[in-house]
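Chain by chain, the residues:
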Amino acid sequence: MPWFLKGDSLSAPYPSYVIGSGAKSVPGLLQVSRMSGKASYSVHIHFPALPFVHFDQVFLQRHEVLVQLAGLGVMKDQKNYFRVNSTLNSITPKSLESSKSRALERGLIPKSYFDNGRRSSSPIVSVLIGGPSEDCSHNTERIVNRLARLVDVQNCRVLISFSQRTASNTKQAIAQLQERIQDQDKLFVYDPMIHSDTTMSKGKDDASPNWSAIAGPKGLTGFLAGQNPYEAMLALADKIVVTADSIAMTNEALAAGKPVYILGGELARGKLKVFHRHLADLHFTRAFRPGRIPIVPISHQNGDKNTTATNNSGNDTADPLCYPGDHPAWNCSLAGKGPEEIKKLVERLQILRECRLAGRRVPEHIADATS
């Protein structure tokens, strides 16, 4: 059992802040707050599914305000919350480069993906696969069929990362796809729920690992000691695909500054549907619908230079990984913004706590940010 359910004591000096994120953190957060006699300023990030009076401060993302908070009726008027952008993460250009270098040095990803000379003919697409949830189901057959088109039709090289929530039937279906392709230079899969040395221990012509035989967590070795190539996959990608169930991975993909496609967005419900609709309306993301027609390089004259446009219709606004037709230009303004939002959150927390300790009113520019 976790420490906060065992009744372990917490002695002074108490932490100035206790911060939790997500529903599973709520018991621990409340336990520290209670043991400290409210001396620790309690902060919860995301909708806590409890009256906000239990916390000193709550931070909600836009879609949580529009769906979950609005659904509370009169309770929506709770005052101790702020709305933040959906960009809280640690992804920066520096962290991406560092992760890519570490992955190359430690052999976490096949070396062929680091060969920039092949990018023009074979773009790299990184695919982040979460798991089904109450707000988003998964269609495994559809997922595998669309991923197969990336390799078989669109001539892409594909990096796939599972998450802690990826279902075993999805892993098994992708393992069968990898077994058919039999080429890690075209399709490489990383599973954080098995030991990190398993994926790279097999050669290019060896049989793929049998992820379906993994019943559950066997030790999260891949998350430790820098052995997880997840962020390196973001750095190497020319384009990124994310399953619609994961808000966190979507935010991290957007922070990488690459074109982001949402897989299975049509299955999203409730807050997830609002979240993805907002991103699509602002041209941050597009639906992942890879075409059945291969990309055809089309040469055209541009001033005094010969240039090559890679699309399947001769139109620069066409996208072979999305619906047929024209698409507005990508909006990449969230690239690297995660740490900036975190700094704003930290500054706001410091001001709020200092005002409470000193008995002062919260400055108007902070109070007005509640929304």
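- Per an unreviewed UniProt entry, the protein chain is named Mitochondrial fission protein, and its organism is Entomortierella chlamydospora.

## A few points about the UniProt feature "coiled-coil region" (unreviewed entry) in the protein chain
Consideration 1: Under the local residue numbering, the UniProt record ascribes the feature "coiled-coil region" (unreviewed entry) to residues 160-187.
Consideration 2: Taken end to end, residues 160-187 comprises 50% helix and 14% strand; its first and last C-alpha atoms sit 8 Å apart.

## Brief notes about the sheet that holds strand β2 (residues 41-45)
Consideration 1: An order of β1-β2-β3-β4 is seen for the 4 strands of this open sheet, with the pairing classed as parallel. Across the chains shown, the open sheet's two edge strands, defined by having one partner strand only, are β1 (17-21) and β4 (81-84). Strand-to-strand twist in this sheet, taken as the mean axis angle between neighbours without regard to direction, amounts to 20°.
Consideration 2: In this sheet, β4 lies alongside strand β3 (residues 57-61) in parallel orientation, the contact comprising 4 bridges. What sits directly across from glutamine 61, in β4, is valine 84.
Consideration 3: Sheet contacts for helix α2 (residues 26-35): β1 and β2; angle to β2, the most-contacted strand, approximately 170°.

## As for the packing of aromatic side chains
Consideration 1: The full count for this structure, using the stated rule, is 6 aromatic pairs.
Consideration 2: Pairing phenylalanine 47 with phenylalanine 52 gives two aromatic rings, centres 6.1 Å apart and planes at 70°, and the pair type is edge-to-face. Residues phenylalanine 47 and phenylalanine 52 agree in their burial class; the two are buried.
Consideration 3: Between phenylalanine 52 and tyrosine 81, the aromatic rings sit 6.2 Å apart at their centres with planes inclined by 65°, giving edge-to-face as the arrangement. You can see phenylalanine 52 sitting in the loop between β2 and β3 and its partner tyrosine 81 sitting in strand β4, a full 29 residues away along the chain.
Consideration 4: On the basis of relative accessible area, phenylalanine 52 is assigned to the buried category, the value being 0%.
Consideration 5: Residue tyrosine 81 is classed as buried on the basis of its relative accessible area, which comes to 8%.
Consideration 6: Each residue in the set Phe47, Phe52 and Tyr81 is aromatic and connected to the rest through ring pairs, giving one cluster.

## Remarks on the sheet that holds strand β5 (residues 124-129)
Consideration 1: Across the sheet, 6 strands lie side by side as β7-β6-β5-β8-β9-β10; this open sheet has parallel pairing. Among the strands making up the open sheet, the edge pair consists of β7 (187-190) and β10 (285-287). Averaged over all neighbouring strand pairs, the angle between strand axes comes to 25°, with direction disregarded.
Consideration 2: Judged from the 4 bridges that link them, β5 and strand β8 (residues 239-243) form a sheet pairing that is parallel. Each bridged residue has a counterpart across the sheet, and for valine 125 the counterpart in β8 is lysine 239.
Consideration 3: On the sheet, helix α9 (residues 247-255) packs against β5, β8, β9 (260-263) and β10 and is oriented at approximately 170° with respect to β8.

## With respect to the pairing of β2
Consideration 1: Extensive coverage of β2 is indicated by the burial of 5 of its 5 residues.
Consideration 2: Inspection of the sheet shows β1 paired to β2 by 5 bridges, in the parallel sense. Directly across from serine 21, in β2, lies its bridge partner isoleucine 45.
Consideration 3: Chirality of the crossover, the property in question, places the unit of β1, α2 and β2 among those that are right-handed.

## Observations concerning the packing of α9 against helix α10 (residues 270-281)
Consideration 1: For the pair α9 and α10, the least separation of the axes is 12 Å and the interaxial angle reads 15°. Classed by the angle they form, the pair α9 and α10 counts as roughly parallel. Relative to α10, the crossing made by α9 is left-handed. Mapping the contact onto sequence places Ile247, Thr250, Asn251 and Leu254 in α9 and Leu272, Phe275, His276 and Leu279 in α10.

## Let's talk about the layout of surface pockets
Consideration 1: What the largest pocket holds in volume is close to 1700 Å³.
Consideration 2: Lining the largest pocket we find 47 residues, and of these His46, Arg165, Ser246, Ile247 and Ala248 sit closest to its centre.
Consideration 3: Put simply, the parts of the chain that give the lining of the largest pocket at least two residues each are β1, α3 (62-69), β6 (157-162), α8 (230-236), α9, α10 and α11 (338-358).
Consideration 4: No other element matches the 5 residues that α9 contributes to the lining of the largest pocket.
Consideration 5: Tallied by class, residues from the lining of the largest pocket come to 21 nonpolar, 17 polar and 9 charged.
Consideration 6: What lines the second largest pocket is a set of 22 residues, among which Ala280, Thr285, Arg286, Ala287 and Tyr323 lie closest to the centre.
Consideration 7: Of all the elements in the fold, those that place two or more residues in the lining of the second largest pocket are β9, α10 and β10.
Consideration 8: Looking at the lining of the second largest pocket element by element, the count peaks at 4 residues for α10.
Consideration 9: Per-class residue counts for the lining of the second largest pocket are 10 nonpolar, 6 polar and 6 charged.

## A closer look at the confidence of the model for the protein chain
Consideration 1: Averaged over every residue, the pLDDT of the protein chain is 82; residues scoring 70 or more account for 80%.
Consideration 2: Counting contacts from residues 195-225, a segment whose pLDDT is below 50, to residues more than four positions away or on other chains yields 64 contacts.
Consideration 3: Ignoring residues within four places in sequence, the model shows residues 297-314, a span with pLDDT below 50, making 30 contacts including any to other chains.

## Considering the pattern of salt bridges
Consideration 1: One pass over the structure, following the stated rule, counts 11 salt bridges.
Consideration 2: Across the pair arginine 286 and aspartate 319 runs a salt bridge whose closest N-O atoms are separated by 2.6 Å. Of the two residues, arginine 286 sits in strand β10 while aspartate 319 sits in the loop between β12 (305-311) and α11, which places them 33 residues apart along the sequence.
Consideration 3: Arginine 286 sits in the buried class, given a relative accessible area of 13%.
Consideration 4: Aspartate 319 sits in the buried class, given a relative accessible area of 5%.
Consideration 5: Across the salt bridge formed by lysine 337 and glutamate 340, the nearest N and O atoms sit 3.7 Å from each other.
Consideration 6: A relative accessible area of 31% means that lysine 337 is categorised as partly exposed.
Consideration 7: In this structure, a network of salt bridges that share partners links the residues Arg142, Arg146, Glu266 and Arg289.

About the cut-offs
- Residues numbered from 1 in each chain as written.
- Predicted model: local features only at pLDDT ≥ 70, side-chain atom pairs only at ≥ 80, totals over all residues.
- Heavy atoms only, no water.
- UniProt positions renumbered as here; feature names shortened; annotations may be inferred.
- Helix = DSSP H or I, 4+ residues; strand = E, 2+ residues; numbered from the N terminus.
- Pairing = 2+ DSSP bridges.
- Axes fitted to C-alpha atoms, helices over the stretch in contact; angles between N-to-C directions.
- Contact = heavy atoms within 4.5 Å.
- Phe/Tyr/Trp six-rings, centres within 6.5 Å; stacked < 30°, edge-to-face > 60°.
- Buried < 20%, exposed > 50% of the residue type's maximum accessible area, 1.4 Å probe, protein only.
- Right-handed = clockwise from strand over helix to strand, strands pointing away.
- Parallel < 35°, antiparallel > 145°, perpendicular 65-115°, else oblique.
- Left-handed = near helix turned anticlockwise from the far one by under 90°.
- 1 Å grid on protein atoms, 1.4 Å probe; cavity = no way out; pocket = protein on both sides within 12 Å on 5 of 7 lines; lining within 4 Å.
- Points joined across faces, edges and corners; volume = space filled by probe spheres on them.
- Nonpolar A, V, L, I, M, F, W, Y, C, P; charged D, E, K, R; others polar.
- pLDDT = per-residue confidence, 0-100.
- Salt bridge = Lys/Arg side-chain N within 4 Å of Asp/Glu carboxyl O.

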